[in-house]
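Inside the fold
What follows is each chain in one-letter form.
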Amino acid sequence: MSLTIALPKGRLFEESIRLLKEKGILSKDIQEGRKLLVESDGFSFLLVKPSDVPVYVENGVADLGIAGYDVLLEREPNLYVLLDLGIGLCRIVVAGREESKERYFKETYIKVATKYPNIAKKFFSERGVKSKIIYLSGSVELAPAIGLSDYILDIVQTGRTLRENKLVVIEEVATSTARLVCNKASYRNKRDRITGFFSKLM
Ligand code: PRP
């Protein structure tokens, strides 16, 4: 049986394909389109939402996956993290308007909009700050501009989205890169093939 690999669509997709080609795992490009199950080079690739990669791998419908550390931190899935792939570098940050910057470190109560409610809850509770977490599934940078929240917790890659919405980084929570993740049962049952795949990526 061939290995099934969950790949993140969107910002990490191209870098993932480039890496798989560079390492000789893929012989040709996979296009990010409407087709969500692609067979290539003896593997089955599932093209899924980045935040869902751990769901497919944890539940064993994918043996392996490429997932951002941000997503793993948020979901804390029950799987093995085999390798830091070094691609998809970004920062998880708290951001807000320039004028909120000084106030931020004195706040005892923080209203924050985010796609990462668990990371946010943990981060502020460890700092001893009360927080109200407003979960959004996208366009988080809009929240401070329209008064939905004072701050956001989100990922920053180029910084363009923050700039265009007149926000600045206030505090860094963590840096994130993509990781190769593996289903626990697959690791036992398909060990040779998984080790083969993994060693090509090292
Ligand atoms: C992420 C993130 C920011 C943006 C940051 O969203 O939530 O909005 O990228 O990138 P930048 O610093 O390069 O501008 P993404 O584009 O992944 O899409 P989403 O909002 O649909 O989740």
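This text gives an overview of the structure that appears in the document. Since the model is a prediction, treat every value here as computed from it, not as a measurement. (Residues numbered from 1 in each chain as written. Predicted model: local features only at pLDDT ≥ 70, side-chain atom pairs only at ≥ 80, totals over all residues. Heavy atoms only, no water.)

**With respect to the site of the ligand**
- Taken together, 13 residues lie around the ligand, and R11, K115, D154, T158 and T161 are the ones closest in.
- Measuring from an oxygen atom of the ligand, one finds a side-chain N or O atom of E141 at 2.7 Å.
- In the complex, the protein chains occlude 69% of the 510 Å² of accessible area that the ligand would expose alone.
- Residue assignment for the shell around the ligand shows that the elements contributing at least two residues are β9 (151-156) and α6 (160-164).
- Considered class by class, the residues forming the shell around the ligand number two nonpolar, six polar and five charged. (Near = heavy atom within 4 Å. Polar contact = N/O pair within 3.5 Å; in protein donor to acceptor, adjacent residues only side chain to side chain. Areas by Shrake-Rupley, 256 points an atom, 1.4 Å probe, with all protein chains shown as cover. Helix = DSSP H or I, 4+ residues; strand = E, 2+ residues; numbered from the N terminus. Nonpolar A, V, L, I, M, F, W, Y, C, P; charged D, E, K, R; others polar.)

**Here's the deal with the pattern of salt bridges**
- Following the criterion strictly, the structure yields eight salt bridges and no others.
- A salt bridge links R103 to E107; the shortest N-O distance between them is 3.1 Å.
- A salt bridge links R160 to E164, with the shortest nitrogen-to-oxygen separation between them at 3.0 Å. Of the two residues, R160 and E164 both sit in helix α6, four residues apart, roughly one turn of that helix. (Salt bridge = Lys/Arg side-chain N within 4 Å of Asp/Glu carboxyl O.)

**Topic: the nonpolar core**
- By size, the foremost hydrophobic cluster in this structure holds 27 residues, and its most contacted members are F45, L64, F197 and L201.
- Among the secondary structure elements, those contributing two or more residues to this core are β1 (4-8), α1 (13-22), β3 (43-48), β4 (64-68), β5 (80-84), β11 (178-182) and α8 (191-201).
- Counting residues per element, this core draws most heavily on α1, at four residues.
- Setting aside residues up to four positions removed in sequence, L64 forms contacts with L3, T4, I5, A6, V57, L82, L180, V181, C182, I194 and F197. (Core = buried A, V, L, I, M, F, W, Y, C linked by side-chain atoms within 4.5 Å. Buried < 20%, exposed > 50% of the residue type's maximum accessible area, 1.4 Å probe, protein only. Contact = heavy atoms within 4.5 Å.)

In short, geometric facts, not functional conclusions.
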